[in-house]
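In case you want the letters, here they are:
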Amino acid sequence: MAKIKVTDREGRKLEIEAKEGLTLMEPLRDVADGLEALCGGMCSCSTCHIFVEPSWAAKLPAAKDDEMELLESSECYRPGESRLACQVRVSPAIEGIELVIAPAE
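This is a predicted model, so every value here is computed, not measured. (Residues numbered from 1 in each chain as written. Predicted model: local features only at pLDDT ≥ 70, side-chain atom pairs only at ≥ 80, totals over all residues. Heavy atoms only, no water.)

Draft legend 1. Broad picture of the pattern of salt bridges. Counted by the stated rule, this structure contains 3 salt bridges. In this structure, the salt-bridge partner of R83 is E67, at a minimum N-O distance of 2.8 Å. One end of the pair, R83, is in strand 4 (residues 82-84); the other, E67, is in helix 3 (residues 65-72), with 16 residues separating them in the sequence. Looking at R83, the relative accessible area reads 9%, which means it is buried. (Salt bridge = Lys/Arg side-chain N within 4 Å of Asp/Glu carboxyl O. Helix = DSSP H or I, 4+ residues; strand = E, 2+ residues; numbered from the N terminus. Buried < 20%, exposed > 50% of the residue type's maximum accessible area, 1.4 Å probe, protein only.)

Shown next as structure tokens:
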């Protein structure tokens, strides 16, 4: 399990635990006022958009082209911070990661 620090859409700061091997999308769907994740993790929508704290963003694997295409077309895209939670796997390397759930579009 990895601990994740989340700020929800209401500005509440939470700490949740996520099981290794899942994507960040999965535990974030259960957060009150959390993610919609309409496509279920298929990287075909941007309803699991999150902002990763800049100090953590560089520690994650780079976003692939299809993820970047969705993010860059988002109204609230933030270069270097925006990611789709369905594309980030939970691992010991992200223990303590800090993120913010992006506004719904």
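Read on for the rest.
Draft legend 2. Layout of the side chain of D8. Relative to the helices and strands, D8 is located in the loop between strand 1 (2-7) and strand 2 (13-18). A polar side-chain atom of D8 sits 2.7 Å from a polar atom in the side chain of R12. (Polar contact = N/O pair within 3.5 Å; in protein donor to acceptor, adjacent residues only side chain to side chain.)

Draft legend 3. Geometry of the pairing of strand 2. Across 6 bridges, the pairing between strand 1 and strand 2 is antiparallel. Within strand 2, the position partnered with V6 by the bridge is L14. Hairpin remark: strand 1 followed by strand 2, antiparallel, with 5 residues in the connecting loop; positive phi at G11, about 90 degrees. (Pairing = 2+ DSSP bridges.)

Draft legend 4. Structural detail: the nonpolar core. L24 and L28 are the most contacted members of the largest nonpolar core, which totals 29 residues. Listed by contribution, the elements that provide at least two residues to this core are strand 1, strand 2, helix 1 (25-29), strand 3 (49-52), helix 2 (54-57), helix 3 and strand 5 (98-101). Ranked by the residues each element gives to this core, the list is headed by strand 1, at 3 residues. When neighbours within four sequence positions are excluded, L28 is seen to be in contact with V6, I16, G34, L35, I50, A85 and L99. (Core = buried A, V, L, I, M, F, W, Y, C linked by side-chain atoms within 4.5 Å. Contact = heavy atoms within 4.5 Å.)

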